[in-house]
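Letter by letter, the chains look like this.
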Amino acid sequence: MVRAFGAMAAAGPVLILLLSLWPAPPAEAQAQRFLQEGEAALDRSDGTAEAAAIPEELSPEVIDAMLARLTDTEIRALLRGELVRRAEEQAAETEEGMSTLDAIAMRLSNMATTIETRVRRWAGSLADIPARRAGVADRLAEAERGVGAMLWAAAGLVLAGVAAALLVGWLTRPWRQWLVSPQRGHYWDRVVRTLALGLVELMPIVALVAATRLLAPMLSGALGPLTGQVWIYHAGVSYAWAFIVLTRRAFAPDAPQIRIASLTDPAAGAVHKLLRRAVLIGLAGWLLAGLLLNLGVGFAAAIPTVALAGTAVSVLLFWAIARNAVRIRAAVENALIQPNRQPSAFARISVVAAPFLLAFYVFAAGGYWVANWLETGRHHLAGPAGTLVVFFCLPIVDRLGEAICLSLVRADTARAGRFRKVLHEAGRIVIGIVAVFVVARLWGLDLLEVAKGEGAVAWASPVFDIAVTLLIGHLIWRIVRAVLHTERRVSTASEDVDPSEIPAASRLDTLMPLFRNALLVFLSLVMAMIVLSSVGVDIGPLLASAGIIGIAVGFGAQTLVRDIFSGVFFLIDDAFRVGEYIELDTDLRGEVEAISVRSLQLRHHRGPVITIPFGELKQITNHNRDWVIYKMPFRLEPETDPQHVKRVVKEVGKEFLAHPEHGSKFIEPLKSQGVYYIDDDSALVIRVKFKCRPRAQFVLRREIYHRLREVFAKEGIRLARRKVEVVGPDGEDVPDTLAQAGLPDEVVGPATPAAIG
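Residues numbered from 1 in each chain as written. Predicted model: local features only at pLDDT ≥ 70, side-chain atom pairs only at ≥ 80, totals over all residues. Heavy atoms only, no water.

### Re the overall build of the chain
As a reminder, the rule being used: Segments assigned H or I by DSSP are reported as helices when at least four residues long, segments assigned E as strands when at least two residues long, and all are numbered from the N terminus. Per-residue accessibility, obtained with a 1.4 Å probe over protein chains only, is compared with the maximum for each type, and a residue is labelled buried under 20%, exposed over 50%, and partly exposed between these values. In this description, contact between two residues means that some pair of their heavy atoms is separated by no more than 4.5 Å.
Helix and strand counts for the chain come out as 28 helices and eight strands. Buried residues in the chain amount to 38% of all 757 residues. Of the contacts made within the chain by residues no fewer than 6 positions apart, 71% connect residues no fewer than 24 positions apart.

Encoded structure:
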């Protein structure tokens, strides 16, 4: 990149030096007549007379003196100009009282009339071209050394310019070869190299113009009538060549490694080739028209030649659009539709309509240019061609904006990605607005003047203010969403969920949706007030009415107010968060799935979603905070040794601590608390406990229970069954009597004293 900057710094002084040798366009009558408006030019074959101007201060003496020195042709041109000026003033006064559509219709009618008149005159002039042979011969006679010497002088002038360009190109070849070989892979290195390479490739153009301009005065005598063609030649060639360099560097078909546009190699090559052909066709028409004019054939042949060249360019672009409709749709889809996201209706319509809109624009812009050229005899390429240039530059500028966003936000996190996305979207909006203003300016339209000027229509200013307000509001809301973003949680709502699979829920994650919704309401109210103010509504009474309505709603919705204030204090106390498993009573439990202003939603472990207003919450048991101690009672036979049980439980606790899946869930290991109490059925109730992470107890209790049963069975520790002993009058047990009576085992086993009694 340092060498690229060096190449730019070295190319800069050379370009400045060569540009200093590039004089302003000459004031020869031949070149001026090529761009001059006036019907009188169609009647002149030699082109020596110049249009006269009416002095600002008039008097009888001044008028007589001016008429005395003017020829009949000049007087006719002067009279026509004055009449045209008055006609335009009258048309402007008439259009003030007309509607927009009527004014447009009148303008088109006048244009059609003018073009029809001119075409008829040109047709007559074209038919009279053989009669202009004398004029052409007179112009050729201006060559001091004959026609052959004129042609050799013109060829020498062209060869001198080409030789100068080739020499500069050969001298700068090492720079170009180095600049197309990037040393780094980042985007800004490609941008700098592209700019430097563009400056280097402009140097041969400046050399060609400088050589042509320096040599032309020396050959003026030999060139004769082609002296005026020199300006037309180097102006057309330099601008066409510079535009080709611009497109070559923008799309880089010859150097994809430094391409700054997001295009494939075939697409870049096709676009550059298409634009190059269009420019060469336009250049050929320009040079041929200038040659016809300077040789004395006149405007009758020059103007249709340029018009035909412009029409050929329009046809070429139209045909290219028709052949590449699929590629155009793919490019628009790549620009408007993001991967893995459902496209909007606007994006889908834009993708489908893009080739048709582009073709319609080419057709309309080409027709406008031809009509304007035929009507006035002047070029208006800024609007038709400039709009296409802006259109082709949009992908490049968009890619530059994306690179700027990546440079401003370098972190590789989800939050940084959201900020980059918001910045890129804001940049696209700004680029789009700038492009609209630039295109309008190219067509001679000042949008600010149209919207805010003194002559603007009544509705233009409110529409402009509303559009700006909505745009700013949209950007603010996107920034708020990026700052207060929370990932949508997928509720498991299960008691047996693995806590390691549950994303951590912070207090900020719980409160941010509420903050975001509150800001959305506030922003919407502010924007609504600004919009109403823009359309002329007095918002003062509305604000006063809103306060009174708020008081009335507060009195009439006491339950709603209670729910809101209860929720505020629950959130201040941090009683629960989104994603936590809470229990409100023995039958109401679940995972907090969402929190609104007045209620919360619980996802029950069986699936249903329960909505509970904050005002109805009394007691909340949160199973997700810090740690949990879980106790499990076991009923064992009376003869069981508690110390033996303690040793067995301790060994099982060690096994679980070493378990690859469950070991990390424990905070304190499984251990026995000894004999908790002696059951009335003569059973020992021994309780074990463990300390674990929140919500891990539901998984661990199941695994611990299964494991202890297996170990107890191996160690001879038996779980006590609930049973009842019936003692007869003689004091002996009678278990066989119940069996002989045919009672099922279920009665003999689990019967309780209360049931028997």
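More follows now that the structure is in view.
### A word on the sheet that holds strand β8 (residues 684-692)
Rules: For two strands to be treated as a pair, DSSP must find at least two bridges joining them. Note on definitions: angles span 0 to 180 degrees between N-to-C directions of axes, and those axes are lines fitted to C-alpha atoms, for helices only across the stretch in contact.
Spatial strand order, β6-β8-β7: three strands in an open sheet with antiparallel pairing. At either end of the open sheet lies a strand with only one pairing partner, and these are β6 (628-636) and β7 (666-678). Going across the sheet, the axis of each strand differs from the next one's by a mean of 20°, ignoring polarity. Across the face of the sheet, helix α24 (residues 642-657) comes into contact with β6, β7 and β8 while running at roughly 160° to β7. Each of β6, β7 and β8 touches helix α25 (residues 697-715); the most contacted strand, β6, lies at about 30° to it.

### Structural notes on the environment of Pro638
With respect to the element layout, Pro638 can be found in the loop between β6 and α24. Along the chain, Pro638 and Ala683 lie 45 residues apart, while their C-alpha atoms are 4.9 Å from each other. Apart from residues no more than four positions distant in its own chain, Pro638 is found in contact with Ser682, Ala683 and Leu684.

### A short note on the packing of aromatic side chains
Note the cut-off: Note on aromatic contacts: the rings of Phe and Tyr and the six-membered ring of Trp form a pair at centre separations within 6.5 Å, being stacked when their planes are under 30 degrees apart, edge-to-face when over 60 apart, and tilted otherwise. When the NZ atom of lysine or the CZ atom of arginine is within 6 Å of a ring's centre and also within 35 degrees of its normal, the charge is said to sit over that ring.
The final tally for this structure, using the stated rule, is 10 aromatic pairs. With centroids separated by 6.0 Å and ring planes inclined at 15°, the aromatic side chains of Phe634 and Tyr705 adopt a geometry described as stacked. Taken together, the positions of Phe634 in strand β6 and Tyr705 in helix α25 put the pair 71 residues apart, joining distant regions of the chain. We classify Phe634 as buried; its relative accessible area is 5%. When its relative accessible area of 32% is taken as the criterion, Tyr705 is described as partly exposed. Every member of this aromatic cluster is reached through a ring pair, and the members are Tyr630, Phe656, Phe666 and Phe690. Directly above the aromatic system of Trp178 lies the positively charged group of Arg193, at a separation of 4.1 Å from the ring centroid. Taking the ring centre of Tyr676 as reference, the NZ or CZ of Arg687 above it sits at 4.0 Å.

### Brief notes about the confidence of the model for the chain
As a reminder of what qualifies: Confidence of the predictor in every single residue is expressed as pLDDT, which spans 0 to 100.
Taken over all residues, the pLDDT of the chain has a mean of 75, while the share at 70 or more is 75%. Scored below 50 in pLDDT, residues 1-51 makes 103 contacts in the model with residues more than four places away or belonging to other chains. Low pLDDT, under 50, characterises residues 736-757; the predicted model gives this stretch 19 contacts beyond four residues in sequence or across chains.

### A word on the pairing of strand β3 (residues 599-603)
Where strand β2 (residues 588-595) meets β3, four bridges bridge the pair, whose relative direction is antiparallel. What sits directly across from Val592, in β3, is Leu602. Joining the antiparallel neighbours β2 and β3 is a turn of three residues. Here β3 folds back onto strand β4 (residues 609-613), and the loop between the two strands holds five residues, one of which, Gly607, carries a positive phi near 120°.

### Some details on the environment of Phe392
Topologically, Phe392 is positioned in helix α17 (residues 382-408). In the structure, Phe392 is positioned 121 residues away from Val271 in sequence and 9.2 Å away in space, judged by C-alpha atoms.

### Comments concerning the pattern of salt bridges
Put simply, the rule reads: A pair is scored as a salt bridge if a Lys or Arg side-chain nitrogen falls within 4 Å of a carboxyl oxygen belonging to Asp or Glu.
A complete count under the given rule lists 14 salt bridges for this structure. Asp398 is paired through a salt bridge with Arg428; the nearest N and O atoms lie 2.7 Å apart. Remark: Arg428 occurs in helix α18 (residues 414-442) and Asp398 occurs in helix α17; sequence separation between them is 30 residues. One salt bridge connects Glu655 with Arg707, and the closest N-O pair in it is separated by 3.0 Å. With Glu655 in helix α24 and Arg707 in helix α25, this pair connects stretches of sequence that are 52 residues apart. When salt bridges with common partners are traced through the structure, they connect Glu201, Arg248, Arg249 and Asp254 into a single cluster.

### A short note on the sheet that holds β2
Reading across from one edge, β4-β3-β2-β1-β5 is the order of the five strands in this open sheet, with antiparallel pairing throughout. Where the open sheet ends on each side, the last strands, each with one partner, are β4 and β5 (621-622).

### Some points on the side chain of Thr212
Along the chain, Thr212 turns up in helix α10 (residues 187-215). By relative accessible area, Thr212 is classed as buried at 0%. When sequence neighbours within four positions are dropped, the list of residues in contact with Thr212 reads Leu157, Gly161, Val230, Tyr233 and His234.

### So, the side chain of Thr640
Keep this limit in mind: Definition of a polar contact: a pair of N or O atoms within 3.5 Å, with one able to donate and the other able to accept a hydrogen when the atoms are protein atoms, and with sequence-neighbouring residues admitted only if both atoms are side-chain atoms.
Assignment of secondary structure puts Thr640 in the loop between β6 and α24. Engagement of the side chain of Thr640 in a polar contact is seen with the backbone oxygen of Glu637, the distance being 2.8 Å. Ignoring sequence-local partners within four residues, the contact set of Thr640 consists of Val645, Leu684, Ile717 and Arg718.

### A few points about the nonpolar core
To keep things clear, this is the line we draw: Residue types Ala, Val, Leu, Ile, Met, Phe, Trp, Tyr and Cys, when buried and joined through side-chain atoms within 4.5 Å, form a set referred to as a nonpolar core.
By size, the foremost hydrophobic cluster in this structure holds 22 residues, and its most contacted members are Phe690, Ile704, Leu708 and Phe712. Listing elements by their share of this core, those giving two or more residues are β6, α24, β7, β8 and α25. In contact with Ile704, other than residues within four places in its own chain, are Met632, Phe656, Phe666, Leu670 and Phe690.

### A word on a nonpolar patch on the surface
Rule in force here: Patch rule: a residue counts if its relative accessible area is over 30% and it has no salt bridge; like charges are joined within 9 Å, and nonpolar side chains (Val, Leu, Ile, Met, Phe, Trp, Tyr) within 5 Å. Per-residue and other accessible areas follow the Shrake-Rupley method at a 1.4 Å probe size, with only the shown protein chains counted as cover for residues.
A contiguous nonpolar surface patch, about 460 Å² in accessible area, is contributed by Val561, Phe565, Val568, Phe569 and Ile572. On the accessibility criterion, Val568 (38% relative accessible area) is partly exposed.

### Examining the packing of α18 against helix α20 (residues 460-483)
Rules: To sort the angles, those under 35 degrees are grouped as roughly parallel, those over 145 as roughly antiparallel, those from 65 to 115 as roughly perpendicular, and the leftovers as oblique. By definition, turning the near helix anticlockwise from the far helix through less than a right angle yields a left-handed crossing, and turning it clockwise yields a right-handed one. Ten residues, namely Ala, Val, Leu, Ile, Met, Phe, Trp, Tyr, Cys and Pro, are considered nonpolar, four, namely Asp, Glu, Lys and Arg, are considered charged, and the remaining ones, Gly among them, are considered polar.
In contact at an axis separation of 8 Å, α18 and α20 are set at 165° when each is read in the N-to-C sense. Comparing the axis directions of α18 and α20 gives the class roughly antiparallel. The chirality of how α18 crosses α20 is left-handed. Of the residues in α20, those touching α18 at Arg415, Arg418, Phe419, Lys421, Val422, Glu425, Ala426, Ile429, Ile433 and Phe437 are Phe464, Leu471, His474, Leu475, Arg478, Ile479, Ala482 and Val483. Looking at the contact of α18 with α20 residue by residue, the class counts come to 12 nonpolar, one polar and five charged.

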